[in-house]
2 protein chains.
Amino acid sequence: MIRSFAEMEKQAVEAPSKRMAIAMAEESDVLKASMEAWESGIVEPVFVGDKEAIQQAAGDVNLDISNIEINQATGEKECASRAIELVRTGKADLVMKGRTATSTLMKAILDKENGVRGSGVLSHVSIISIKTYHKLLLMSDAALNIAPDLDTKASILRNTVDIARRIGIEKPKTAVIGAVEKVNTSMPDTIDAALLSKMAQRGQIKNCVVDGPFALDNAVSGKSCQVKGIESEVGGDADILLMPDIEAANVLYKAIAYLTDADIAGIIVGADVPIVLTSRADSDRIKFVSILAGVSVS
Amino acid sequence: MIRSFAEMEKQAVEAPSKRMAIAMAEESDVLKASMEAWESGIVEPVFVGDKEAIQQAAGDVNLDISNIEINQATGEKECASRAIELVRTGKADLVMKGRTATSTLMKAILDKENGVRGSGVLSHVSIISIKTYHKLLLMSDAALNIAPDLDTKASILRNTVDIARRIGIEKPKTAVIGAVEKVNTSMPDTIDAALLSKMAQRGQIKNCVVDGPFALDNAVSGKSCQVKGIESEVGGDADILLMPDIEAANVLYKAIAYLTDADIAGIIVGADVPIVLTSRADSDRIKFVSILAGVSVS
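Rules used throughout
- Residues numbered from 1 in each chain as written.
- Chains lettered and ligands numbered in written order.
- Predicted model: local features only at pLDDT ≥ 70, side-chain atom pairs only at ≥ 80, totals over all residues.
- Heavy atoms only, no water.
- Helix = DSSP H or I, 4+ residues; strand = E, 2+ residues; numbered from the N terminus.
- Rg over C-alpha atoms; globule rule 2.2 N^0.38 Å.
- Buried < 20%, exposed > 50% of the residue type's maximum accessible area, 1.4 Å probe, protein only.
- Contact = heavy atoms within 4.5 Å.
- Areas by Shrake-Rupley, 256 points an atom, 1.4 Å probe, with all protein chains shown as cover.
- Lys, Arg positive; Asp, Glu negative; His and termini not counted.
- Charge placed at Lys NZ, Arg CZ, Asp CG, Glu CD.
- Least-squares fit on C-alpha atoms with pLDDT ≥ 70 in both.
- Pairing = 2+ DSSP bridges.
- Axes fitted to C-alpha atoms, helices over the stretch in contact; angles between N-to-C directions.
- Domains from an automatic or database assignment.
- Buried area = accessible area lost by both parts, 1.4 Å probe.
- Salt bridge = Lys/Arg side-chain N within 4 Å of Asp/Glu carboxyl O.
- Nonpolar A, V, L, I, M, F, W, Y, C, P; charged D, E, K, R; others polar.
- Polar contact = N/O pair within 3.5 Å; in protein donor to acceptor, adjacent residues only side chain to side chain.
- Parallel < 35°, antiparallel > 145°, perpendicular 65-115°, else oblique.
- Left-handed = near helix turned anticlockwise from the far one by under 90°.

Draft legend 1. Just the overall build of chain A, in detail. When its secondary structure is counted, chain A shows 11 helices and 11 strands. Against the globule reference of 19 Å for 298 residues, chain A gives a C-alpha radius of gyration of 19 Å, in line with a compact fold. The buried share of chain A, reckoned over its 298 residues, is 59%. Here the contacts in chain A between residues at least 6 apart in sequence split such that 69% fall between residues at least 24 apart. About 11600 Å² of surface is accessible on chain A, with carbon and sulfur atoms providing 45% of the total. Charged side chains of chain A number 33 positive and 41 negative; the gap between the two group centres comes to 5 Å.

Spelled out as C-alpha cells, the structure:
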C-alpha cells in the first residue's frame, strides 16, 4: 500500500519505465515535467507533435531532448489521434495531454473505431498528499462529470476504487461527501450518499467500504466524528472522497493546489489506459506527480 | 482595511468590549473561547443557561467564571429566546450559539414578535486567513442557504459585501465561483456568475466589483489568470468568494479548517446583529476567531 508520493516515486523508479505518449508535446511545462520523469527512469516519453515546435519549446527552457523520440504530427487533432494510436497498438502504456485541448483528446479517446474508450464511464481522479492527513486521499470527480446521477456516481466510484487498488489499497474506505452528515430530503446529495452506502453493502459496488453522507470534516477527522456521535469505519480514515458534483470537487482540487503546499495529481481513468491530464495553470510539481500517478496505475 | 486576524484582534482589544450573549452556555469549548476573548478585553460575555450546569462545564476545564454574569434559563428554547431578547433590548451587541441546536436558535432569531430578523436574507459568512494568500478572504455560504437561486445569491452577496465593508474593505472584489471560468450552458452556476457580474455593473449589487464565472484558482492566483488569458480586476485578488451552493462552500470551509493550519471564522449575518455560529467539532481557535469576527462587524 502506497502511502505517499515519495513511496510512489520509489516504486516507479525501481519498476521498468513506462512508455508515455504526449499529445502535442510543444509546451515547455509538459516537456519539463516529462523530462524530469525520464531522468528519474520513470517514463520513456514519446513526444507526438511538430518536431520543430517541440525543439523550440524545449530550447525556451534549456532542455536537452536529443535522446527522446519525436513522433511527427501536425495540429491538435492529428496529435491526439496519433498519441491514442500509440497506446491502442501497444507502443505506449499511457498518454499525457500536452497542448491539445482536452475536448480534442477526449474525442480521440472516445472514437469508436480508433479510440481506447473501454466499456465504462470515464472519470477524473485526484490523488492528494497533505501533511495534515495520515495517508493518500483519492478524490473524484473534479474535471469530467458535471452533475452525476446516482448510477454515474456508482460508476465513478468503481473507477476510483480500481485506481486505489492499483496503488495497493485493497479495500478502500470511501466517504461520500455532502454539506452535512445526515440524510436530508432537501439535499439530494445526502440521499445519493445513503444509497451508495447501501449499494456497496449489497455488493453493487465491490471491493470497498462506503459510508455517507459525510461533511468533509467527518471523512478526515476522527475527532469530528466523535464530537458528532458518528460511528463509522470510514469516518476519520477515508481513502476516497466521492464528491457530490464537479463544483465541490473542483473547489477542493483548486484549494489544495493553490492555497496549500500539498501535492495533488490528476488523471483520467476508465479508458483502457490512464490519461495524465492537468490544467495549463498547474505547477510543474503537479504535472510531475500526475505523471507519477499515471505510471503507477498503468 | 483589516488584513489579518492579528490586526482584527488588535482593533477589537483597543475598542470598548462588546456584550455577547451565549445561548445555552453550558459547553466547555464555548466557555473556553469566550473566556479567552473576555481576558483579552474583546467581549463581556453573558452566559445564558442553567447556572449549575454552566459552573459544572467550566469546572470540567478549570475555568474561573466567577466574574461573569449568568442569566438563568432552562432548556434550549428558553436559552435561545432569552439570548435574542438580550440583543433585541440592547443589553447585548451580539449572540453566540452555545449548546442550543442551530435550528432552535434560528427560530428565535426569526420569531416575528420577539426576533431580530431584519429585512433581508440570512446567510453565513466565513472569513479565512491563510498564509498562501495576501489578505483576508470572505466566503459565502457554507452553512445556511442550500441551493440559492440567482436572487438569493444576490442577497447573500449583499450581506457579504456589507461584512467586508465593516472590516474596512470599501469596495470588495468578488469572485463568483464555479468549476470553470467560462459560461457553460450545462453548468447553471456559470450562468448565475455571469448574471451577477452584470447585475453589479448595473448597480443592482452595490459597493463591490464582481467577476465570474471563475474556477477557484482564477480567483486567488494571478498566474492562473495569466496562463488562461483571463483579464480581470478581480482575478488573483479576490476579497470575497461567492460559492455556487452549500456543498462547494462547506467543502472549502472544512478543507481549510481540517486540512490546513489556517484560521477560519464563521458568523451568520443579515439579522439585526451578527450571530457567532461554529460547528461543535470546530477547534477552540476557530471559535475564538469567530467571536473576533462577530465582534468586529457588530
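Draft legend 2. Geometry of unusual backbone geometry. Note that the residue after glycine 212 of chain A, namely proline 213 of chain A, is joined by a cis bond; omega there is 0 degrees. Tracing the chain through its elements places proline 213 of chain A in strand β8 (residues 209-214). Residues other than glycine seldom take positive phi values, yet asparagine 62 of chain A does so here, at roughly 55 degrees. Its place among the elements puts asparagine 62 of chain A in the loop between α3 (51-60) and β3 (69-72). Although it is not a glycine, asparagine 207 of chain B sits at a positive phi angle of roughly 60 degrees. In this fold, asparagine 207 of chain B is placed in the loop between α7 (188-201) and β8 (209-214).

Draft legend 3. Structural context of the relation of the copies chain B and chain A. Take chain B, turn it by 180 degrees, move it 0.0 Å along the axis, and it overlays chain A with an RMSD of 0.0 Å. Between the two chains, the operation in question is that of a two-fold axis. Within chain B, the C-alpha atom positioned nearest to the axis of rotation is that of alanine 248 of chain B, 2.0 Å from it.

Draft legend 4. Representation of the sheet that holds strand β5 (residues 123-129) of chain B in the model. All names here are of chain B. Reading across the sheet, the 11 strands line up as β3-β2-β1-β4-β11-β10-β5-β6-β9-β7-β8 and stay open at both edges, with mixed pairing between neighbours. The sheet is open, and its two borders are formed by β3 (69-72) and β8, each paired with just one other strand. Pairing between β5 and strand β6 (residues 137-140): 3 bridges, direction antiparallel. Residue pairing for β6: isoleucine 127 is matched across the bridge by leucine 138. Of the strands in this sheet, β5, β6, β9 (240-242) and β10 (263-269) touch helix α10 (residues 246-259), which is tilted by about 140 degrees from β10.

Draft legend 5. Structural context of the domain arrangement of chain A. Residue and element names in this part refer to chain A. Partitioning chain A into domains gives domain 1 (5-118 + 271-296) and domain 2 (123-253). Facing the 8 residues of domain 1 at the interface are 9 residues of domain 2. Interface area for domain 1 against domain 2, summed over the two sides, is near 630 Å², with a carbon-plus-sulfur share of 71%. The tally of links from domain 1 across to domain 2 stands at 0 salt bridges. At 3 residues, helix α11 (residues 284-297) tops the list of elements feeding residues into the side of domain 1 that touches domain 2. Taken together, the residues of the side of domain 1 that touches domain 2 break down into 6 nonpolar, 1 polar and 1 charged.

Draft legend 6. Spatial organisation of the interface of chain B and chain A. Listed by partner, the interface residues are 37 residues for chain B and 37 residues for chain A. Summed over both partners, the interface of chain B with chain A comes to about 3300 Å²; 70% of that surface belongs to carbon and sulfur atoms. In terms of surface lost to chain A, no three residues of chain B exceed Glu247, Val251 and Leu259 of chain B, which account for 21% of the buried area on that side. Taken together, chain B and chain A are joined by 2 salt bridges. As a salt-bridge pair, aspartate 217 of chain B and lysine 254 of chain A come within 3.1 Å of each other at their nearest N and O atoms. Applying the counting rule to chain B against chain A returns 6 residue pairs in polar contact (both at pLDDT 80 or more).

Draft legend 7. Representation of the pattern of salt bridges within the structure. Considering all chains together, one arrives at 32 salt bridges over all chains under this definition. Among the ionic pairs, aspartate 192 of chain A bridges to lysine 153 of chain A, the shortest N-O distance being 2.8 Å. With a gap of 39 residues between them, aspartate 192 of chain A in helix α7 (residues 188-201) and lysine 153 of chain A in helix α6 (residues 150-166) connect regions that are remote in the sequence. Take aspartate 192 of chain A: its relative accessible area is 15%, and that puts it in the buried class. Among the salt bridges present, the one from aspartate 29 of chain B reaches lysine 287 of chain B, with a minimum N-O distance of 3.4 Å. Here aspartate 29 of chain B, found in helix α2 (residues 28-39), pairs with lysine 287 of chain B, found in helix α11 (residues 284-297); they are 258 residues apart in sequence, far enough to count as distant.

Draft legend 8. Representation of the packing of helix α4 (residues 75-88) of chain A against helix α5 (residues 102-110) of chain A. All names here are of chain A. In the contact formed by α4 and α5, the axes pass within 9 Å of each other and the chain directions differ by 40 degrees. Taken as axis vectors, α4 and α5 run oblique relative to one another. Helix-helix and strand crossings are classified by hand; for α4 and α5 the assignment is right-handed. Where α4 approaches α5, its residues Glu76, Lys77, Ala80, Ser81 and Ile84 are matched on the opposing element by Thr104, Leu105, Ala108 and Ile109. Considering only residue class, the contact of α4 with α5 consists of 5 nonpolar, 2 polar and 2 charged.

Draft legend 9. Just the packing of α2 of chain B against α11 of chain B, in detail. All names here are of chain B. Two numbers describe how α2 lies on α11: the axes approach to 9 Å, and their chain directions differ by 50 degrees. What the angle tells us is that α2 and α11 run oblique. The handedness of the crossing between α2 and α11 comes out as right-handed. Note on element contacts: α11 touches α2 through Asp284, Lys287, Phe288 and Ile291, opposite Asp29, Val30, Lys32, Ala33, Ser34, Glu36 and Ala37. Of the residues assigned to the contact of α2 with α11, the class counts are 5 nonpolar, 1 polar and 5 charged.

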